[in-house]
Amino acid sequence: AQRVTQPEKLLSVFKGAPVELKCNYSYSGSPELFWYVQYSRQRLQLLLRHISRESIKGFTADLNKGETSFHLKKPFAQEEDSAMYYCALDYGQNFVFGPGTRLSVLP
Amino acid sequence: DAGVTQSPTHLIKTRGQQVTLRCSPISGHKSVSWYQQVLGQGPQFIFQYYEKEERGRGNFPDRFSARQFPNYSSELNVNALLLGDSALYLCASSLARGRGNYGYTFGSGTRLTVV
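No experiment lies behind these values; they were computed from the predicted model shown.

Caption draft 1: Inspection of the overall build of chain B at higher detail. Counting its regular elements, chain B contains zero helices and 11 strands. When the helices and strands of chain B are listed from N to C terminus, the series reads β-β-β-β-β-β-β-β-β-β-β. For a compact globule of 115 residues, the expected C-alpha radius of gyration is about 13 Å, and chain B comes in at 13 Å, within 12% of that figure. Burial statistics for chain B: of 115 residues in total, 52% are counted as buried. For chain B, long-range pairs separated by at least 24 residues make up 53% of all intrachain contacts whose partners lie at least 6 apart in sequence. About 5,300 Å² of surface is accessible on chain B, with carbon and sulfur atoms providing 49% of the total. Put simply, chain B has 12 plus and 7 minus side-chain charges, and the middle of one group is 3 Å from the middle of the other.

Caption draft 2: Local environment of the interface of chain A and chain B. Listed per partner, the contact involves 21 residues of chain A and 21 residues of chain B. Counting each side, the surface lost to burial between chain A and chain B is near 1,700 Å², with a carbon and sulfur contribution of 45%. In this assembly, chain A and chain B are joined by zero salt bridges. Here the side of chain A that touches chain B takes four residues from strand β5 (residues 32–38) of chain A, the largest share from any one element. Of the residues in the side of chain A that touches chain B, the class split is 11 nonpolar, six polar and four charged.

Caption draft 3: Region of interest: the packing of aromatic side chains. Residues and elements named next belong to chain A. Applying the stated criterion to the full structure yields 16 aromatic pairs over all chains. Relative to Phe 97, the ring of Tyr 86 lies with its centre 6.3 Å away and its plane at 90°, an arrangement referred to as edge-to-face. In this pair, Tyr 86 sits in strand β9 (residues 83–90) while Phe 97 sits in strand β10 (residues 95–97), placing the two residues 11 residues apart along the sequence. Owing to a relative accessible area of 4%, Tyr 86 belongs among the buried residues under this scheme.

Caption draft 4: Looking closely at the sheet that holds strand β3 (residues 19–21) of chain A. Residue and element names in this part refer to chain A. The three strands are arranged β3-β8-β7 in an open sheet whose pairing can be described as antiparallel. With partners counted over all chains shown, the strands left at the sheet margins are β3 and β7 (60–61), one partner each. Bridging between β3 and strand β8 (residues 72–74) involves three bridges; their strand directions are antiparallel. In the strand pairing of β8, Leu 21 is matched with Leu 72.

Caption draft 5: Spatial organisation of the state of the cysteines. Per the counting criterion, the structure on display carries two disulfides over all chains. Here Cys23(A) engages in a disulfide with Cys87(A); their sulfurs sit 2.0 Å apart. Negative torsions about the S-S bond denote left-handed disulfides, and the value of about -65° found for Cys23(A) with Cys87(A) makes this one left-handed. Of the two residues, Cys23(A) sits in the loop between β3 and β4 (24–26) while Cys87(A) sits in strand β9, which places them 64 residues apart along the sequence. Like Cys87(A), Cys23(A) is buried. Across the disulfide, Cys23(B) is cross-linked to Cys91(B) (sulfur-sulfur distance 1.8 Å). Around the S-S axis, the bridge from Cys23(B) to Cys91(B) shows a dihedral of about -65° and counts as left-handed. In this pair, Cys23(B) sits in strand β3 (residues 19–24) while Cys91(B) sits in strand β9 (residues 87–94), placing the two residues 68 residues apart along the sequence. Neither residue differs from the other here; Cys23(B) and Cys91(B) are each classed as buried.

Caption draft 6: Representation of the pairing of β3(B) in the model. All names here are of chain B. As judged from the three bridges shared by strand β1 (residues 5–7) and β3, these two strands associate in the antiparallel manner. Bridge pairing in β3 links Thr 5 to Ser 24. Across five bridges, β3 lies against strand β8 (residues 74–78) in antiparallel orientation. From the neighbouring strand, Leu 21 faces β8, where its bridge partner is Leu 76.

Thresholds, definitions, all that
- Residues numbered from 1 in each chain as written.
- Chains lettered and ligands numbered in written order.
- Predicted model: local features only at pLDDT ≥ 70, side-chain atom pairs only at ≥ 80, totals over all residues.
- Heavy atoms only, no water.
- Helix = DSSP H or I, 4+ residues; strand = E, 2+ residues; numbered from the N terminus.
- Rg over C-alpha atoms; globule rule 2.2 N^0.38 Å.
- Buried < 20%, exposed > 50% of the residue type's maximum accessible area, 1.4 Å probe, protein only.
- Contact = heavy atoms within 4.5 Å.
- Areas by Shrake-Rupley, 256 points an atom, 1.4 Å probe, with all protein chains shown as cover.
- Lys, Arg positive; Asp, Glu negative; His and termini not counted.
- Charge placed at Lys NZ, Arg CZ, Asp CG, Glu CD.
- Buried area = accessible area lost by both parts, 1.4 Å probe.
- Salt bridge = Lys/Arg side-chain N within 4 Å of Asp/Glu carboxyl O.
- Nonpolar A, V, L, I, M, F, W, Y, C, P; charged D, E, K, R; others polar.
- Phe/Tyr/Trp six-rings, centres within 6.5 Å; stacked < 30°, edge-to-face > 60°.
- Pairing = 2+ DSSP bridges.
- Disulfide = S-S within 2.5 Å.

Here it is, written out as structure tokens:
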């Protein structure tokens, strides 16, 4: 079955440190993967899509089909990056979210 | 554009009752999806509608149903409410369905409490 896993429930880093939020998926076809972010008291919003290969707010994510991973990275974390991050897989008939990782950037 | 709007924002119902949640997508978006988010978990997919037809269904019982209207707005109905149905119900809209879509834009959700 299609599944998305995010092994860390909580990730704490200091401001200026690199960040990597892990995401692994299980899907036999060609996946479409996304990262969504939810800041405190705000609605869930799209952060980036793997098909566009874009960098949003300094975050990037590379699809590794061999490792079935789509990790989210940022070289220098900022306090405003503190939020809940969800990895998601779209396989056409369904849209599967991972359980989420709460990122806390400490001053 | 007001974005994706959902109503009501909060709702309290008694076990066994029925509830209808409403969603208006972003203008021009023809795909609407519904999700259930229980506290501490990621959103769980319930339904996807595109051009007024059901295009996807998650692992939810038949007590859950939905429909999409000609103006692309949507309703989610839940019958015979259980305590476990208490959750945040999210609606999301997208330009297209399935492959190559641009991701979903989410509403703020309806917080349903079943007592």
